[in-house]
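A structural walkthrough
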Amino acid sequence: MTEDRPVGPGMPDSRWYDNEAGPLVRPYAMTGGRTQPGPAGAYFDLIALITLDENAPRYDETAVGPEHRALIELCRIDTQSVAELAAGADLPVGVVRVLLGDLLELGCVTVSRPVPPAQLPDEKILREVINGLRAL
């Protein structure tokens, strides 16, 4: 015989951690169990800049979750890095990367990736240019 007991905040069998926290949503539930962004496996560096694409086709509001919409709203304010978006949305960086992959596929955002260190000019060459300019 089972006993029917009420379940809710403050009850012993409650799924709430405390009265103020609200229900717990695991990161894999927000990403649908995915750990990699998009089918192409796009990688979002922490300092990659995310911009809302104003020319993007209108997306279906029901096609994206509340976390996606939160990232869109943060990008609507200003261009932000992946790290800033994670902090602003209060989500783990891994989750934000997956969600940004979805938004990139929908054409809602554009990504400006940082220049790889191997493609940056050599410091020695830059110093020679500076010294040459000073000699003028």
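Here is what the cut-offs are and how they apply
Residues numbered from 1 in each chain as written. Predicted model: local features only at pLDDT ≥ 70, side-chain atom pairs only at ≥ 80, totals over all residues. Heavy atoms only, no water. Helix = DSSP H or I, 4+ residues; strand = E, 2+ residues; numbered from the N terminus. Buried < 20%, exposed > 50% of the residue type's maximum accessible area, 1.4 Å probe, protein only. Contact = heavy atoms within 4.5 Å. Areas by Shrake-Rupley, 256 points an atom, 1.4 Å probe, with all protein chains shown as cover. Axes fitted to C-alpha atoms, helices over the stretch in contact; angles between N-to-C directions. Parallel < 35°, antiparallel > 145°, perpendicular 65-115°, else oblique. Left-handed = near helix turned anticlockwise from the far one by under 90°. Core = buried A, V, L, I, M, F, W, Y, C linked by side-chain atoms within 4.5 Å. Pairing = 2+ DSSP bridges. Patch = residues over 30% accessible without salt bridge, like charges linked within 9 Å, V, L, I, M, F, W, Y side chains within 5 Å. Salt bridge = Lys/Arg side-chain N within 4 Å of Asp/Glu carboxyl O.

On a plain count of helices and strands, the protein comes out with five helices and three strands. Secondary structure elements of the protein occur, N-terminal to C-terminal, as α-β-α-β-α-α-β-α. Residue burial in the protein is summarised as follows: out of 136 residues, 27% are buried. Looking at the protein alone, contacts between residues at least 24 apart form 71% of all its contacts between residues at least 6 apart. Of the roughly 9800 Å² of accessible surface on the protein, a fraction of 55% belongs to carbon and sulfur atoms.

Another point: the packing of helix H2 (residues 66-77) against helix H3 (residues 82-89). Between H2 and H3, whose axes approach to 10 Å, the crossing angle comes to 120°. When the interaxial angle is binned, H2 and H3 end up oblique. The chirality of how H2 crosses H3 is right-handed. Counted together, Leu-71, Leu-74 and Cys-75 of H2 and Leu-85, Gly-88 and Ala-89 of H3 form the full contact between these two elements.

In this structure, Ile-50, Leu-71, Leu-85, Val-96, Leu-100 and Leu-103 are the most contacted members of the largest nonpolar core, which totals 23 residues. If you list the elements that add at least two residues to this core, you get strand E1 (49-52), H2, H3, helix H4 (93-106) and strand E3 (109-112). Here this core gets five residues from one element, more than from any other, and that element is H4. Beyond its immediate sequence surroundings of up to four residues, Ile-50 is in contact with Phe-44, Cys-75, Thr-79, Gln-80, Val-82, Leu-85, Leu-100, Val-109, Thr-110 and Val-111.

A few words now on the pairing of E3. Here E3 shows a clear split, with Val-109 and Val-111 buried on one side and none of Thr-110 and Ser-112 buried on the other. Where E1 meets E3, four bridges bridge the pair, whose relative direction is antiparallel. Residue pairing in the sheet places Thr-51 in a bridge with Thr-110 of E3.

Ordered in space as E2-E1-E3, the three strands form an open sheet in which the pairing is antiparallel. Each edge of the open sheet is held by one strand with a lone partner, namely strand E2 (80-81) and E3. Pairing of E1 with E2 involves two bridges; the strand directions are antiparallel. What sits directly across from Leu-49, in E2, is Ser-81.

The next point concerns a nonpolar patch on the surface. Residues Ile-125, Val-129, Leu-133 and Leu-136 make up a contiguous nonpolar surface patch of about 460 Å² in total accessible area. Tracing the backbone through its elements, the reader meets Leu-136 in the segment after helix H5 (123-135). Using a relative accessible area of 85% as the deciding quantity, one classes Leu-136 as exposed.

This part covers the environment of Val-98. Here Val-98 shows up in helix H4. With 56 residues separating them in the primary sequence, Val-98 and Ala-42 have C-alpha atoms 9.0 Å apart.

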